Amino acid sequence: MSRPLRVLIVDGQEGDARLILQSLREGGYAPFSLRVDSAQALALALETQPWDVALCEYALPKYDGTAALALIRSRKPDLPVIFLTGALAVDAAIRLVKAGAYDCVLKDGLTRLPRAVEQAIGESIAQRLHEEMQQALHNTTEQLRGVLEAAIDGIIEIDASGTIMLANAQAHHLFGWPPGALISQPISTIMPQEHWEQHRNEIQVFLKTGNSASLEPITEVTGLHHDGTELYCEHSVSPLMHYSGEQRFVVTLRDITARKQAERLLATQYTVAQILIEASTLEEAYAKILPTLGTCLDWGVGNIWHIDPAVNLLRCIETWQAPQMEAAEFLADSRQRTFAPGVGTPGRAWGSNEPLWISDISTDSNCPRAPLAAKTGLHAAIEAPIMTEKRIYGIIEFLDLKIRDPDTLALKMLGDIGLKVGLYLERKETEELLQAANAQLAEIVRSAPVAITAVDNENKVLTWNPTAEHLFGWTEAEVLGKPIPTIPEDKYDEHVTTLQQVLAGKIITRCEVQRKNKNGKMLLLSCSKS
């Protein structure tokens, strides 16, 4: 049976709208649609009709697709928006998603549209989570822009053997060397050997052919800082004929480590959001979230603590360690510990309701685990509350072998993740309460000493309790999903009229009605309807 779908199409072409609707029908939907192509028509449609999804053309003849998205977000922030386009650059698609679009579907790939619509509607129950993700994405992008605007390019001149002949101040700053210290060093000092081998081969091809096309214009490489850490660089190599007649090469480097980190954090936020949407249990979610965050942030050990309301203490309910770690004793100790508000690093994050960064817990005066942390080699710690606006549920914690200075971006991202997990827990609690209420209602209906039946607006049976089986003779299996069989033919119009009144909100109590049982016997009954 086709699923009903209320779809608002923002598109200037009637023909495109027909193709869209045909794709939805082929995907199992029965769409009710309205096509608009202006801001005025879109605003009116949003105010006068409820919609399940909005499908928006990116490039409109009379209207701008991004403006349409902004209008929808301002009027109906929970309405999923999917963009349809003939062709769209990756960066443009990313901007649309950042602005609140759920997905972008190419018009020559409309077979993907029904699935995209299904996913978008399913995700609407987590709209608050989605909005927070968009805000976090916007904040991180703004921070990334600030980093890129302040980036400093390094310029290095090398000879054909890869010896650094000249390096500017920015290059020394980028790789952490004192001024002038890079001169006469092999370029492998600041670049892993495998990258230099590739460039040496390119240089040899150039020296033989004179064809500068053999030198890749811009590539990404891993750089080596003087302190031993790695950094990501965009770099290019260009030939330069030295005044001495020697062939040399100019290497231009730009630090893109911050960009790489931000991309990784954004990807991690999206992954965690997907885990929370797809996980059926809390245990399943935590088992995936800890390694995802630990790997992204490059931390060695992770714990999740939950508040035990019976004693008002934090208890560790999930642990993780990176493959290279040997922290089994520390994790086992964490499993057995409890923390009160303000005690230890988890308790301090709980007491403040704020993310917390400790550069070295082994020397921290308020850390009961400090001796064992020192024995394990653990130093830095990061803590973030799992919470909503109304309640705190627990703490996400990561620890590492290194002493690490606070990373504002990572700290904020983990704080945002804590809010998202808190919303997930709140939603799960609501679902459990609803399930319990439904189960209680079902038991009341099942055990009621009076016949209780329920029908939908098409007069098909939804509920048929044991007393109804006894009174009318039909079993539940015989009537569910079928037109109610108890209405005498001469009473059917009267039944339809009262059904319409009830659907309009009227409550009818203690009225006398005639009904028939399975054997055709007429019964005079006292009936209430709501």
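Residues numbered from 1 in each chain as written. Predicted model: local features only at pLDDT ≥ 70, side-chain atom pairs only at ≥ 80, totals over all residues. Heavy atoms only, no water.

## A few points about the pattern of salt bridges
Per the stated rule, a full pass over the model turns up 21 salt bridges. For R6, the salt bridge is made with D52, and the minimal N-O distance between the two is 3.0 Å. Of the two residues, R6 is situated in strand β1 (residues 3-10) and D52 in the loop between α2 (39-48) and β3 (53-57); the sequence distance between them amounts to 46 residues. Judged by relative accessible area, R6 falls into the partly exposed class, the value being 36%. Close ionic contact of E47 with R75 constitutes a salt bridge, the shortest N to O distance being 3.6 Å. Here the residue E47 occupies a position in helix α2, and R75 occupies one in helix α3 (residues 65-75), the gap between them amounting to 28 residues. Overall, the relative accessible area of 37% leaves R75 in the partly exposed class. Connected via shared salt-bridge partners are D11, D16, E57 and K107. (Salt bridge = Lys/Arg side-chain N within 4 Å of Asp/Glu carboxyl O. Helix = DSSP H or I, 4+ residues; strand = E, 2+ residues; numbered from the N terminus. Buried < 20%, exposed > 50% of the residue type's maximum accessible area, 1.4 Å probe, protein only.)

## Here we look at the environment of P346
Mapped onto the elements of the fold, P346 is located in helix α12 (residues 344-352). When its relative accessible area of 0% is taken as the criterion, P346 is described as buried. Distance from P346 to Q500, taken between C-alpha atoms, is 58 Å for residues 154 residues apart in sequence.

## Overview of the packing of aromatic side chains
By the definition in use, this model includes 5 aromatic pairs. Taking the centre distance of 5.1 Å and the plane angle of 70 degrees together, the rings of W305 and F339 count as edge-to-face. Here the residue W305 occupies a position in strand β11 (residues 301-308), and F339 occupies one in strand β13 (residues 338-339), the gap between them amounting to 34 residues. In terms of burial, W305 and F339 fall into one category: buried. Measuring from centroid to centroid gives 5.7 Å for W464 and F472, while their planes differ by 40 degrees, and the two rings are tilted. Note on accessibility: W464 and F472 belong to one class, buried. The aromatic ring of Y29 is capped on one face by R3, whose charged end is 4.3 Å from the ring centroid. (Phe/Tyr/Trp six-rings, centres within 6.5 Å; stacked < 30°, edge-to-face > 60°. Lys NZ or Arg CZ within 6 Å of the ring centre and 35° of its normal.)

## Comments concerning a nonpolar patch on the surface
Taken together, the side chains of M165, L166 and I183 define a hydrophobic patch exposed on the protein surface, amounting to about 230 Å² of accessible area. By the element assignment, I183 lies in the loop between α7 (169-175) and α8 (193-209). (Patch = residues over 30% accessible without salt bridge, like charges linked within 9 Å, V, L, I, M, F, W, Y side chains within 5 Å. Areas by Shrake-Rupley, 256 points an atom, 1.4 Å probe, with all protein chains shown as cover.)

## Quick word on helix α10 (residues 282-297)
Over its 16 residues, α10 extends 22 Å from the first C-alpha to the last, a length consistent with the 22 Å expected when each residue adds 1.5 Å. Looking at α10, one finds that the buried residues are A285, Y286, I289, L290, L293, G294, C296 and L297. Mapping the buried residues of α10 onto a view down its axis gives an arc of 160 degrees, with all of them on the same face. In α10, the exposed positions angled more than 90 degrees off the buried face are occupied by E283 and T295. (Expected span 1.5 Å × (residues − 1). Arc of directions from axis to C-beta.)

## Points about the nonpolar core
With 58 residues, the main nonpolar core has F330, F398 and V421 as its most contacted residues. Considering every element that reaches this core, the biggest residue donor is helix α14 (residues 408-447), with 8 residues. In this view, F398 contacts L290, L293, G294, W299, V301, G302, W320, A380, A381, I382 and L414; residues no more than four positions away in its chain are not counted. Counting residues in each nonpolar core, the second largest holds 23 residues, with L8, A43, A45 and A101 among its members. (Core = buried A, V, L, I, M, F, W, Y, C linked by side-chain atoms within 4.5 Å. Contact = heavy atoms within 4.5 Å.)

## Examining the side chain of R248
Along the chain, R248 turns up in strand β10 (residues 247-255). A distance of 3.2 Å separates polar atoms of two side chains, one belonging to R248 and the other to E246. Apart from the residues within four sequence positions on either side, R248 is in contact with E157, I158, D159, M165, S238, P239, L240 and H242. (Polar contact = N/O pair within 3.5 Å; in protein donor to acceptor, adjacent residues only side chain to side chain.)

## So, the sheet that holds β11
One open sheet holds the 6 strands; their spatial order is β13-β12-β11-β16-β15-β14, and the pairing between them is antiparallel. Single-partner strands in this sheet number two, and they are β13 and β14 (356-358). Running at roughly 60 degrees to strand β12 (residues 313-321), α10 makes contact with β11, β12, β15 (381-387) and β16 (392-399) of the sheet. Strand contacts of α12: β11, β12, β13, β14, β15 and β16, with the helix running at about 140 degrees to β16, the strand carrying the most contacts. (Pairing = 2+ DSSP bridges. Axes fitted to C-alpha atoms, helices over the stretch in contact; angles between N-to-C directions.)

## So, the sheet that holds β10
Here we have 5 strands laid out as an open sheet, ordered β7-β6-β10-β9-β8, and antiparallel in their pairing. Strands at the two margins of the open sheet, each flanked by one partner only, are β7 (164-167) and β8 (219-224). With direction set aside, neighbouring strand axes in the sheet form an average angle of 35 degrees. Two elements, strand β9 (residues 230-241) and β10, share 9 bridges in a ladder whose sense is antiparallel. Within β10, the residue paired with P239 across the bridge is F249. Set on the sheet, helix α9 (residues 257-278) makes contact with β8, β9 and β10; between it and β9 the angle comes to about 140 degrees.

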